[in-house]
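# Secondary and tertiary structure notes
Spelled out from the first residue to the last, the chains are:
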Amino acid sequence: AQKVTQAQTEISVVEKEDVTLDCVYETRDTTYYLFWYKQPPSGELVFLIRRNSFDEQNEISGRYSWNFQKSTSSFNFTITASQVVDSAVYFCALVNYGQNFVFGPGTRLSVLP
Amino acid sequence: DVKVTQSSRYLVKRTGEKVFLECVQDMDHENMFWYRQDPGLGLRLIYFSYDVKMKEKGDIPEGYSVSREKKERFSLILESASTNQTSMYLCASSPPGTSGADTQYFGPGTRLTVL
């Protein structure tokens, strides 16, 4: 069975702090994809990143970075120098090849001014 | 930009009413999905469709049905709304890719309250 765990239900940080959101997944497949989505207060999930299981390179996009470690089945997301606009619920998702998305429960991030 | 729109942001209905939630996408995507989002549970797939007039059950289809008469439109129907269907409903669409895991693009959601 596939499963995604986001152990942090809620995180609060002060602006400009760095914050890491954890994502641990379970799957028996060797081919799979991992996603991160952001859900701001407006409600719409915004796509952030898609990574396949054969690409373990870390990725950086501006203040966002992702650390993919197959050895620990983790795909963690770090925001550097957080801003108030980063306040949102963040979802990690797992997709096995040709199957449907499995979402984690989400982590609510609050960035305080 | 991909645009997925949902007919209502907020909806209040009474127990037993028939409820229609509409979703429209403008990117000619073949695939469309309906999820419900509840605190602590993330998003759970209700139904999905890979083509016009085609539908597949997701993880929690009980109490729901869907309709896809046109490619751009995917409707979720609650035949007889119940209070346990109070939730946020999210529609998504994705292109017909070959990767086996195409990015889904989401609408703004409909927060449904059933009294």
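### Some words on the interface of chain B and chain A
In this complex, chain B contributes 22 residues to the contact, which on the side of chain A involves 21 residues. Buried area between chain B and chain A, both sides added, is near 1,600 Å², and the carbon and sulfur share of it is 53%. For chain B, the biggest contributors to the area lost against chain A are L43, A101 and F106 of chain B; these three give 27% of the whole. Between chain B and chain A we count 0 salt bridges in total. Where chain B touches chain A, the interface holds 3 residue pairs in polar contact (both at pLDDT 80 or more). Examining the composition of the side of chain B that touches chain A, we find that 4 residues originate from one element, strand β5 (residues 42–49) of chain B, more than from any other.

### Remarks on the side chain of S82 of chain A
Residues and elements named next belong to chain A. When you line up the elements, S82 lands in the loop between β9 (74–79) and β10 (88–96). On the accessibility criterion, S82 (1% relative accessible area) is buried. What S82 contacts, discounting residues up to four positions off in sequence, is V13, V14, E15, K16, E17, R63 and V111.

### Brief notes about the pattern of salt bridges
A complete count under the given rule lists 10 salt bridges over all chains for this structure. When the shortest N-O distance is used, the salt bridge between K71 of chain B and D28 of chain B registers 2.9 Å. Here the residue K71 of chain B occupies a position in the loop between β7 (64–70) and β8 (73–78), and D28 of chain B occupies one in the loop between β3 (19–25) and β4 (31–38), the gap between them amounting to 43 residues. Overall, the relative accessible area of 22% leaves K71 of chain B in the partly exposed class. Residue D38 of chain B pairs with R36 of chain B through a salt bridge whose shortest N-O separation is 2.8 Å. Given the relative accessible area of 12%, D38 of chain B is considered buried. Here the salt bridges do not stand alone but share partners, grouping R51, D55 and E59 of chain A into one network.

### Thoughts on unusual backbone geometry
The residue K16 of chain A is not glycine, and still its phi comes out positive at about 85°. Position of K16 of chain A relative to the elements: it lies in the loop between β2 (10–14) and β3 (19–21). In this structure K16 of chain A comes out as exposed when scored by relative accessible area, which is 71%. The backbone phi angle of K53 of chain B is positive, close to 65°, even though this residue is not glycine. Position of K53 of chain B relative to the elements: it lies in the loop between β5 and β6 (56–57). By relative accessible area, K53 of chain B is classed as exposed at 61%.

Rules of the game
- Residues numbered from 1 in each chain as written.
- Chains lettered and ligands numbered in written order.
- Predicted model: local features only at pLDDT ≥ 70, side-chain atom pairs only at ≥ 80, totals over all residues.
- Heavy atoms only, no water.
- Contact = heavy atoms within 4.5 Å.
- Buried area = accessible area lost by both parts, 1.4 Å probe.
- Salt bridge = Lys/Arg side-chain N within 4 Å of Asp/Glu carboxyl O.
- Polar contact = N/O pair within 3.5 Å; in protein donor to acceptor, adjacent residues only side chain to side chain.
- Helix = DSSP H or I, 4+ residues; strand = E, 2+ residues; numbered from the N terminus.
- Buried < 20%, exposed > 50% of the residue type's maximum accessible area, 1.4 Å probe, protein only.

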